[in-house]
4 protein chains.
Amino acid sequence: SDNPVPTPQAPAPDILRCAYMELIVTDLAASRQFYVDILGLYVTEEDDEVIYLRSTEEFIHHNLILRKGELAAVRAFSYRVRAPEDLDKAVAFYEELGCRVERRKEGFTKGIGDSVRVEDPLGFPYEFFHQSEHVERMSWRYDLHIPGELVRLDHFNQITPDVPRAVKYMQDLGFRVTEDIQDDEGTVYAAWMRRKPTVHDTAMTGGDGPRMHHVCFATHEKHNILAICDKLGALRRSDSIERGPGRHGVSNAFYLYLRDPDGHRVEVYTQDYYTGDPDNPVVTWDVHDNQRRDWWGNPVVPSWYTDGSLVLDLDGNPQPVIERTDNSEMAVTIGADGFSYTREGDAAGTYQGEAAKGFKLGHQL
Amino acid sequence: SDNPVPTPQAPAPDILRCAYMELIVTDLAASRQFYVDILGLYVTEEDDEVIYLRSTEEFIHHNLILRKGELAAVRAFSYRVRAPEDLDKAVAFYEELGCRVERRKEGFTKGIGDSVRVEDPLGFPYEFFHQSEHVERMSWRYDLHIPGELVRLDHFNQITPDVPRAVKYMQDLGFRVTEDIQDDEGTVYAAWMRRKPTVHDTAMTGGDGPRMHHVCFATHEKHNILAICDKLGALRRSDSIERGPGRHGVSNAFYLYLRDPDGHRVEVYTQDYYTGDPDNPVVTWDVHDNQRRDWWGNPVVPSWYTDGSLVLDLDGNPQPVIERTDNSEMAVTIGADGFSYTREGDAAGTYQGEAAKGFKLGHQL
Amino acid sequence: SDNPVPTPQAPAPDILRCAYMELIVTDLAASRQFYVDILGLYVTEEDDEVIYLRSTEEFIHHNLILRKGELAAVRAFSYRVRAPEDLDKAVAFYEELGCRVERRKEGFTKGIGDSVRVEDPLGFPYEFFHQSEHVERMSWRYDLHIPGELVRLDHFNQITPDVPRAVKYMQDLGFRVTEDIQDDEGTVYAAWMRRKPTVHDTAMTGGDGPRMHHVCFATHEKHNILAICDKLGALRRSDSIERGPGRHGVSNAFYLYLRDPDGHRVEVYTQDYYTGDPDNPVVTWDVHDNQRRDWWGNPVVPSWYTDGSLVLDLDGNPQPVIERTDNSEMAVTIGADGFSYTREGDAAGTYQGEAAKGFKLGHQL
Amino acid sequence: SDNPVPTPQAPAPDILRCAYMELIVTDLAASRQFYVDILGLYVTEEDDEVIYLRSTEEFIHHNLILRKGELAAVRAFSYRVRAPEDLDKAVAFYEELGCRVERRKEGFTKGIGDSVRVEDPLGFPYEFFHQSEHVERMSWRYDLHIPGELVRLDHFNQITPDVPRAVKYMQDLGFRVTEDIQDDEGTVYAAWMRRKPTVHDTAMTGGDGPRMHHVCFATHEKHNILAICDKLGALRRSDSIERGPGRHGVSNAFYLYLRDPDGHRVEVYTQDYYTGDPDNPVVTWDVHDNQRRDWWGNPVVPSWYTDGSLVLDLDGNPQPVIERTDNSEMAVTIGADGFSYTREGDAAGTYQGEAAKGFKLGHQL
Ligand SMILES: [Ca+2]
Ligand SMILES: [Fe+2]
Ligand SMILES: [Fe+2]
Ligand SMILES: [Fe+2]
Ligand SMILES: [Fe+2]
């Protein structure tokens with residue numbers, strides 16, 4: 001990176017895991033229908049302005065907030081830290097980086113205590129907190145479970161123009177890379193990074209940013225994800241399904257991408273792998289490998305590459321979006337000069353200037 | 001239809017079910033790898049020219065034959081009849097229709113006794129038999145099952161230009177329609193018909209024909225189908241996956257379409273519904289309903305509409321393909337003047353002149 | 001059998017399938033909670049006296065009736081016949097057998113037309129009907145499905161003292177045996193018989209009868225059955241689980257047995273096999289084979305052998321229960337002189353005078 | 001505890017996770033058949049004396065060792081530590097406790113480097129290591145997966161007479177309690193403890209010890225566990241199934257217990273919950289709650305309570321087994337004076353002096 005984020009002298013806070021996302025939604029009733037009636041998240045608390053939601057297994061107050069606002073956007077990517085003292089570390093870490101930092105002893109949201117919010121070096125609104133009210137873990141409440149039960153908040157995914165720059169900063173913050181997508185020239189298209197021992201707590205996706213690519217919940221089994229699709233079909237809302245279901249190459253997880261009523265992207269995901277050892281092998285995928293993002297070679301729809309949610313600064317204004325100058329993954333794989341292969345070096349199964357199976361149309365009509 | 005197949009005076013044979021398909025394949029080793037090593041069908045018998053295969057539950061000699069030949073094609077769509085006497089009925093039925101009929105007491109294939117083969121009024125090579133050697137039903141042989149275990153031969157699917165003409169003939173043969181796809185003008189794009197009480201033993205798909213669209217095996221659960229995709233990915237053969245997995249609107253089954261080494265299409269499918277009552281409700285789908293073929297609104301790839309396997313006459317020569325003159329389902333849904341909707345009358349989720357989610361590319365680049 | 005039921009000259013009605021059971025329950029609210037709130041059956045119609053229920057796939061008015069009464073019992077085992085004329089055949093068939101027969105043009109229950117009820121030669125209240133109101137098939141209503149979704153009425157199971165006598169009568173009625181349990185001396189302990197091409201529409205279980213052993217609904221997948229157990233646990237009603245879940249040897253299906261608030265036994269079941277060919281191989285199991293009733297060798301609890309529901313005559317009075325004089329399956333497998341083996345002739349895994357794994361307690365304390 | 005293990009001044013090593021178990025087996029071929037042919041573990045390396053196995057996801061050399069020996073026993077419970085320096089800490093920690101400690105720079109087994117083995121204060125042979133050869137993670141090798149695929153080593157389970165004493169020592173070693181089973185008087189019957197953020201890396205089960213209760217592998221889905229049972233049935237080895245499958249109350253996981261050819265107990269398990277937060281809520285179960293060990297109220301077979309594997313000292317001699325003096329869980333739940341309830345205080349569903357559903361036999365015959 002030409003413009004590296006310096007490594008602070010101050011030690012990073014000890015982050016446990018991605019904990020919750022705060023979304024601004026423009027129609028609270030519509031969003032409630034999507035997240036509560038369809039996806040079945042549990043309401044911890046709600047009023048006319050904000051709904052606090054959680055998935056089955058969560059015992060802290062919420063792992064998703066829907067807040068009514070004018071502009072659909074992300075107000076916070078929030079991480080839980082191990083101890084109250086880690087908040088002091090977070091303040092020092094970001095102040096040393098010259099970031100805007102705001103701390104509130106009473107928290108920024110219900111159910112959460114002392115918290116630090118920052119505008120991070122990449123432009124994202126990051127939050128750190130330790131204290132939270134405990135609520136019922138619904139794991140044993142099978143009387144309330146639905147076929148598409150969402151069990152855990154699994155990860156965030158962020159869009160940023162310069163992935164190596166983002167990775168280096170996140171490593172300074174204590175994250176470890178588990179997988180990435182590169183090309184032969186070393187351009188990095190995306191990287192996955194974790195604190196908890198799953199494939200990621202967040203990923204950096206190369207693109208115009210800062211924007212939010214998606215927030216992801218995990219299910220127990222694959223049929224739970226299929227049930228979400230079936231239900232959307234029954235409700236005549238299949239156009240909420242953006243991509244999938246499918247099997248990721250990266251992470252090896254089974255996945256589905258939805259778009260909420262504001263276009264915020266939600267992934268549902270299951271069965272990645274344990275990554276908690278310090279020498280956990282990093283997997284690097286070739287950007288031209290057609291199985292990297294879908295192990296079955298099904299096409300990535302363009303909107304998945306191009307669309308993302310704005311993120312807010314600490315005043316609630318949208319952060320300006322900076323264009324990516326590195327190659328775009330969409331262009332190098334399905335653009336005019338792009339290609340992707342099923343088997344490296346085998347012309348059969350190599351898609352030139354088009355996407356895989358889904359996009360044969362133009363060539364045949 | 002302008003050219004209806006007359007209704008014979010002779011009674012139709014009492015057909016139990018679709019029983020097996022005989023495929024001509026050009027590379028027997030490659031096909032064996034696909035059907036045996038990958039899909040896990042059980043080999044009943046084989047030599048250098050032909051392989052007799054069956055799925056888990058089958059107790060007759062085979063439900064798929066791979067026969068080596070110069071030209072990839074279908075040599076027989078074979079149905080089992082209730083009793084030996086039904087073969088006399090089959091002869092009389094087709095002779096009255098003026099069809100070429102050939103009967104062999106010793107059968108046309110190993111494991112099968114007295115059989116009747118015909119060139120039917122639609123040009124398809126249909127076979128009828130009753131007697132078959134019994135082999136081990138592998139249902140209890142869990143020591144041999146694989147993650148993608150194929151349990152039953154479920155149905156055939158045939159391409160024919162004039163669907164109503166085909167349906168009327170099949171009804172005369174004793175089949176009942178369970179579902180179909182039409183438009184407001186009454187054009188019929190496809191119809192599903194059954195003898196056994198599932199959604200179908202065969203379907204008629206409107207298109208240039210006679211050609212074979214696909215042969216379908218059923219699994220027990222949805223994850224079995226996902227496992228086939230995962231395995232193809234692991235073998236770097238994901239380009240064998242043509243369409244899906246997904247949920248059908250028609251039949252309500254979970255599905256996947258593969259292409260074998262010769263391009264013969266194989267479906268894997270599970271969980272349609274019981275249709276055995278005489279007043280079983282027929283479901284008619286609007287051709288513009290974007291959930292009719294994929295309940296989740298995922299696009300049908302063009303090759304699925306356009307490609308099919310040739311079928312042979314009783315001398316082993318390919319039947320000429322006659323063009324469909326009715327509207328094509330692909331053209332009315334994703335062609336220049338076509339459209340499909342998620343919710344009838346709702347412009348949101350209506351795809352004009354393009355397919356659903358998978359084909360947004362052309363509009364954005 | 002010493003007392004065979006004579007074969008009528010009159011032809012049997014053409015039975016399509018087991019269609020519904022009418023249960024007398026003593027606490028309608030408690031039963032509603034069990035069948036509707038817990039098991040998720042759909043209410044077609046209900047009032048203070050009776051509730052008409054159906055499973056997902058059913059398009060006739062109901063496949064289970066709960067009727068309030070003083071004495072928990074079965075009022076009808078109801079079969080659907082192919083055509084209205086089959087009711088005349090049913091009348092003639094049973095009148096020739098000297099059975100009490102009652103016909104009501106308006107039906108005995110809501111939603112059902114012209115019906116014949118009989119006290120059959122075994123003492124069971126059998127019903128035959130053809131006409132039924134159609135209702136919505138809920139297969140595509142994924143918005144309403146629950147994790148333990150019951151899809152089809154699969155079969156009945158009846159307790160009768162003399163199984164061969166019962167089988168011969170049922171064969172005269174047009175049923176075919178698919179599997180049975182015998183011993184070396186030819187004693188028959190149970191037999192499974194079908195009209196629709198599954199393993200059974202009803203089974204005859206040797207014991208004091210006539211009594212109803214269970215009514216069974218099918219699910220799509222095995223996890224649906226596990227979800228029912230999980231839900232019962234969450235509701236602190238795990239004592240409703242009598243036996244299982246497990247894998248049957250007989251039928252190869254995955255199963256669970258519940259007891260409703262009156263003690264009526266309900267099975268949930270999935271994935272048996274196609275049996276529709278006339279030469280479908282009959283499977284005979286050795287009564288001492290410890291995998292015959294549970295493929296995993298888990299013990300059958302005694303209540304499963306001993307308990308059953310009374311059945312009513314056409315006046316609504318309970319039929320007297322006649323003792324079985326043949327050997328009891330429980331006695332020959334887990335009684336003082338009984339035994340069962342995992343591998344025939346292998347003392348390891350042979351349980352002498354005790355049941356399999358679950359009953360080791362008495363020998364150890 | 002009357003005899004507490006003192007808390008060392010030396011800091012505990014930073015343990016990542018339970019990593020492997022070394023088993024002594026008396027018939028290597030029989031054990032290979034069980035673990036490789038049936039359970040499908042991958043062989044990393046093997047010779048005539050020892051087989052190194054791993055599950056799908058493992059990237060270190062092995063997570064199970066089968067070593068041929070005279071006496072079936074456990075030679076090591078091995079934990080991976082975060083850094084090489086943690087081995088020095090392990091030495092200091094255990095030396096301060098007065099334990100026998102042995103360190104080998106070259107490791108005690110193939111594939112593992114510098115290692116510390118100790119006879120811990122409870123008498124168990126514990127190992128700590130950091131360095132290991134990396135091998136292929138088979139997660140993407142779907143071509144090799146089987147229906148019962150074992151994905152991760154999940155946990156150990158140890159039998160020890162004094163559970164609170166064991167817990168206190170394990171807490172000093174850095175473990176956190178997630179769940180336990182107690183009675184009103186505060187007797188602790190079992191406790192679950194973790195390093196990685198699952199319900200446990202090991203559990204302490206009250207009983208005569210030190211003995212090994214079981215080693216547990218995780219699968220992705222519940223049907224994978226059912227497939228193991230089905231396969232054992234097909235191989236006529238259902239007597240290897242000791243208990244389950246079922247749903248645990250404790251841990252909320254779906255489970256199965258098997259016995260290998262030497263009687264070593266192996267659990268297969270899936271879908272517990274995330275426990276990585278320091279304030280993760282501890283769940284305490286009443287020993288009389290009949291859903292604590294099986295959420296469906298199915299009985300725990302006595303052998304599950306009474307049997308365990310011997311463990312070896314560092315010379316390879318079996319450790320003497322010390323009797324538990326606290327109440328036994330079996331006695332207080334299914335013994336003469338024991339009881340368990342489905343609903344606290346509700347006599348219906350309370351089993352007095354007997355186990356739940358499986359043990360009604362003695363009362364009825
Ligand atoms: Ca741009
Ligand atoms: Fe993601
Ligand atoms: Fe099909
Ligand atoms: Fe049954
Ligand atoms: Fe365990």
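From a predicted model like this one, the values you see are computed outputs, not experimental measurements. (Residues numbered from 1 in each chain as written. Chains lettered and ligands numbered in written order. Predicted model: local features only at pLDDT ≥ 70, side-chain atom pairs only at ≥ 80, totals over all residues. Heavy atoms only, no water.)

Caption draft 1: Highlighting the overall build of chain A. Counting secondary structure elements, chain A contains 7 helices and 20 strands. For chain A, the C-alpha radius of gyration of 20 Å lies close to 21 Å, the compact-globule estimate for 365 residues. Dimensions of chain A, computed from C-alpha atoms along their principal axes, come out at roughly 60 × 50 × 40 Å. The 365 residues of chain A split such that 68% are buried. Sequence-distant contacts in chain A: of pairs separated by 6 or more residues, those separated by 24 or more amount to 68%. Roughly 11,300 Å² of accessible area belongs to chain A as shown, and the carbon and sulfur atoms make up 47% of that amount. The centroid of the 39 positive side-chain charges in chain A is displaced by 4 Å from the centroid of its 61 negative side-chain charges. (Helix = DSSP H or I, 4+ residues; strand = E, 2+ residues; numbered from the N terminus. Rg over C-alpha atoms; globule rule 2.2 N^0.38 Å. Buried < 20%, exposed > 50% of the residue type's maximum accessible area, 1.4 Å probe, protein only. Contact = heavy atoms within 4.5 Å. Areas by Shrake-Rupley, 256 points an atom, 1.4 Å probe, with all protein chains shown as cover. Lys, Arg positive; Asp, Glu negative; His and termini not counted. Charge placed at Lys NZ, Arg CZ, Asp CG, Glu CD.)

Caption draft 2: A look at the packing of aromatic side chains. This structure, assessed with the given rule, holds 80 aromatic pairs over all chains. On the numbers, 5.7 Å between centres and 80 degrees between planes, the contact of Y79(D) with F175(D) is edge-to-face. With a gap of 96 residues between them, Y79(D) in strand 5 (residues 73-81) and F175(D) in the loop between helix 3 (163-172) and strand 10 (176-182) connect regions that are remote in the sequence. On the basis of relative accessibility, which here comes to 0%, the residue Y79(D) falls in the buried class. The exposure class of F175(D) is buried, given its relative accessible area of 3%. Taken together, F77(A), Y79(A), F93(A), Y94(A), F124(A), Y126(A), F128(A), F156(A), Y169(A) and F175(A) form an aromatic cluster joined through their ring pairs. Between the NZ or CZ atom of R243(C) and the centre of the ring of W304(C), over which it lies, the distance is 4.6 Å. (Phe/Tyr/Trp six-rings, centres within 6.5 Å; stacked < 30°, edge-to-face > 60°. Lys NZ or Arg CZ within 6 Å of the ring centre and 35° of its normal.)

Caption draft 3: Inspection of the coordination of the iron ion (ligand 4) at higher detail. Residue and element names in this part refer to chain C. Ligation of the iron ion (ligand 4) by protein atoms is provided by H155 (NE2), H214 (NE2) and E267 (OE), these donors lying 2.0 to 2.2 Å from the ion. In primary sequence terms, the donor set of the iron ion (ligand 4) follows H-x58-H-x52-E. Here H155, found in strand 9 (residues 152-160), pairs with E267, found in strand 16 (residues 265-270); they are 112 residues apart in sequence, far enough to count as distant. You can call H155 buried: its relative accessible area is 0%. We classify E267 as buried; its relative accessible area is 1%. (Donors = N, O, S within 2.8 Å, 3.2 Å for Na, K, Ca; no water.)

Caption draft 4: Up close: the coordination of the iron ion (ligand 3). All names here are of chain B. Distances from the iron ion (ligand 3) to its protein donors, H155 (NE2), H214 (NE2) and E267 (OE), fall within 2.0 to 2.1 Å. All donors to the iron ion (ligand 3) come from one chain, and their sequence spacing reads H-x58-H-x52-E. Of this pair, H155 sits in strand 9 (residues 152-160) while H214 sits in strand 13 (residues 211-218), and the two are 59 residues apart along the sequence. There is no split in this pair, since H155 and H214 are both buried.

Caption draft 5: Structural context of the interface of chain D and chain A. On the chain A side, the residues contacting the 36 residues of chain D number 36 residues. Of the roughly 3,300 Å² buried where chain D meets chain A, counting both sides, 51% is carbon and sulfur surface. On the chain D side of the interface with chain A, the three residues burying the most area are W140(D), E221(D) and Y274(D), jointly 21% of the side's total. At the junction of chain D and chain A, the tally comes to 8 salt bridges. The salt bridge partner of E221(D) is K222(A), with a shortest N-O separation of 3.1 Å. (Buried area = accessible area lost by both parts, 1.4 Å probe. Salt bridge = Lys/Arg side-chain N within 4 Å of Asp/Glu carboxyl O.)

Caption draft 6: Spatial organisation of the interface of chain A and chain B. The interface of chain A with chain B comprises 43 residues on the first partner and 43 residues on the second. Where chain A abuts chain B, roughly 3,500 Å² becomes buried across the two surfaces, and 55% of that area is made up of carbon and sulfur atoms. With its nearest N and O atoms 2.6 Å apart, the salt bridge here joins R236(B) to D289(A). When contributions to the side of chain A that touches chain B are tallied by element, the ones reaching two or more residues are helix 4 (222-234), strand 14 (241-247), helix 5 (302-306), helix 6 (329-334) and helix 7 (361-364) of chain A. For the side of chain A that touches chain B, the element with the most residues is helix 4 of chain A, which contributes 8 residues. Here the residues of the side of chain A that touches chain B sort into 19 nonpolar, 13 polar and 11 charged. (Nonpolar A, V, L, I, M, F, W, Y, C, P; charged D, E, K, R; others polar.)

Caption draft 7: Summary view of the relation of the copies chain D and chain A. Superposing chain D onto chain A takes a rotation of 180 degrees combined with a translation of 0.0 Å along the rotation axis, leaving an RMSD of 0.0 Å. Classification of the inter-copy transformation places it as that of a two-fold axis. Proximity to the rotation axis, assessed at the C-alpha, singles out E221(D) in chain D; its C-alpha lies 3.0 Å from the axis. In this assembly the copies share their binding face: 100% of the residues contributing to the interface of chain D also contribute to that of chain A. (Least-squares fit on C-alpha atoms with pLDDT ≥ 70 in both.)

Caption draft 8: Just the sheet that holds strand 4 (residues 64-68) of chain D, in detail. Residues and elements named next belong to chain D. The sheet built from 8 strands is open, its strands ordered 2-3-4-1-5-8-7-6 with mixed pairing. Each having just a single partner strand, strand 2 (42-46) and strand 6 (101-104) make up the two edges of the open sheet. For this sheet the average axis-to-axis angle between neighbouring strands, irrespective of direction, equals 20 degrees. Across 8 bridges, the pairing between strand 1 (residues 15-25) and strand 5 is antiparallel. Residue Y20 lies in a different strand from strand 5, and its bridge partner there is S78. (Pairing = 2+ DSSP bridges. Axes fitted to C-alpha atoms, helices over the stretch in contact; angles between N-to-C directions.)

Caption draft 9: The arrangement of the pattern of salt bridges in detail. Residue and element names in this part refer to chain C. One pass over the full model with this rule turns up 139 salt bridges over all chains. A salt bridge links K168 to D172; its shortest N-O distance comes to 2.9 Å. One end of the pair, K168, and the other, D172, are both in helix 3 (residues 163-172), 4 residues apart, so they sit about a helical turn from each other. With a relative accessible area of 28%, K168 lands in the partly exposed category.

Caption draft 10: Here's a closer look at the confidence of the model for chain A. When pLDDT is averaged along chain A, the result is 96, and 98% of the positions lie at 70 or above. Confidence over residues 359-365 of chain A falls short of pLDDT 50; this stretch has 21 contacts with residues more than four positions distant or in other chains. (pLDDT = per-residue confidence, 0-100.)

Caption draft 11: The arrangement of the pairing of strand 2 (residues 42-46) of chain A in detail. Residue and element names in this part refer to chain A. As judged from the 4 bridges shared by strand 2 and strand 3 (residues 50-54), these two strands associate in the antiparallel manner. In the strand pairing of strand 3, V43 is matched with L53. Where strand 2 hands over to strand 3, the hairpin turn is made up of 3 residues, counted between the paired strands.

Caption draft 12: Molecular detail of the packing of helix 4 of chain A against helix 4 (residues 222-234) of chain B. With their axes 10 Å apart at the nearest point, helix 4 of chain A and helix 4 of chain B run at an angle of 105 degrees to one another. The pairing of helix 4 of chain A with helix 4 of chain B is recorded here as roughly perpendicular in orientation. Here helix 4 of chain A contributes K222(A), H223(A) and L226(A) to the contact with helix 4 of chain B, which in turn contributes K222(B), H223(B) and L226(B). Class assignment for the residues of the contact of helix 4 of chain A with helix 4 of chain B results in 2 nonpolar, 2 polar and 2 charged. (Parallel < 35°, antiparallel > 145°, perpendicular 65-115°, else oblique.)

Caption draft 13: Examining the relation of the copies chain A and chain B more closely. Superposition of chain A onto chain B requires a rotation of 180 degrees combined with a translation of 0.0 Å along the rotation axis, giving an RMSD of 0.0 Å. Both copies present the same face, since 100% of the interface residues in chain A are matched by interface residues at the equivalent positions in chain B.

Caption draft 14: Geometry of helix 1 (residues 28-38) of chain B. Residue and element names in this part refer to chain B. Those residues of helix 1 that fall on the buried side of the exposure criterion are L28, A30, S31, F34, Y35, V36 and I38. One side-chain oxygen at the N-terminal end of helix 1 lies 3.2 Å from the backbone nitrogen of A29; it belongs to D27. Following helix 1 by one or two positions, G40 has its phi on the positive side, about 75 degrees. (Polar contact = N/O pair within 3.5 Å; in protein donor to acceptor, adjacent residues only side chain to side chain.)

Caption draft 15: Geometry of helix 3 (residues 163-172) of chain B. All names here are of chain B. Taken residue by residue, helix 3 has V163, R165, A166, V167, Y169 and M170 as its buried positions. Regarding helix 3, its N-cap is D162, as a side-chain oxygen of that residue lies 3.1 Å from the backbone nitrogen of R165 further along. Where helix 3 terminates, the next one or two residues include G174, which has phi positive at roughly 105 degrees.

Caption draft 16: Spotlight on the nonpolar core. If you look at the biggest cluster of nonpolar residues, it comprises 167 residues, and the most contacted ones within it are Y126(A), F128(A), Y126(B) and F128(B). Apart from the residues within four sequence positions on either side, F128(B) is in contact with I15(B), Y79(B), V81(B), L87(B), A90(B), Y94(B), D114(B), S115(B), V116(B), V118(B) and L173(B). Formed by 166 residues, the second largest nonpolar core is a distinct cluster that contains L41(C), L173(C), M193(C) and V199(D). (Core = buried A, V, L, I, M, F, W, Y, C linked by side-chain atoms within 4.5 Å.)

Caption draft 17: Spotlight on the sheet that holds strand 3 of chain A. Residue and element names in this part refer to chain A. The strand order across the open sheet built from 8 strands is 2-3-4-1-5-8-7-6, with neighbouring strands paired in mixed fashion. If you trace the sheet from one side to the other, it starts and ends with strand 2 and strand 6 (101-104), each paired once. The average undirected angle you get between the axes of adjacent strands in this sheet is 20 degrees. As judged from the 4 bridges shared by strand 6 and strand 7 (residues 115-119), these two strands associate in the antiparallel manner. The residue of strand 7 that forms the bridge with V101 is V118. In this fold helix 2 (residues 85-96) packs onto strand 5 (73-81), strand 6, strand 7 and strand 8 (125-129), with an angle of close to 160 degrees to the strand it touches most, strand 6.

Caption draft 18: A look at unusual backbone geometry. G209(A) connects to P210(A) through a cis peptide bond whose omega is 10 degrees. Mapped onto the secondary structure, P210(A) falls in the loop between strand 12 (202-206) and strand 13 (211-218). With a phi angle near 85 degrees, S251(A) is a residue other than glycine that sits in the positive phi range. For S251(A), a relative accessible area of 1% corresponds to the buried category. The phi angle at R236(D) is positive, at roughly 55 degrees, despite the residue not being glycine.

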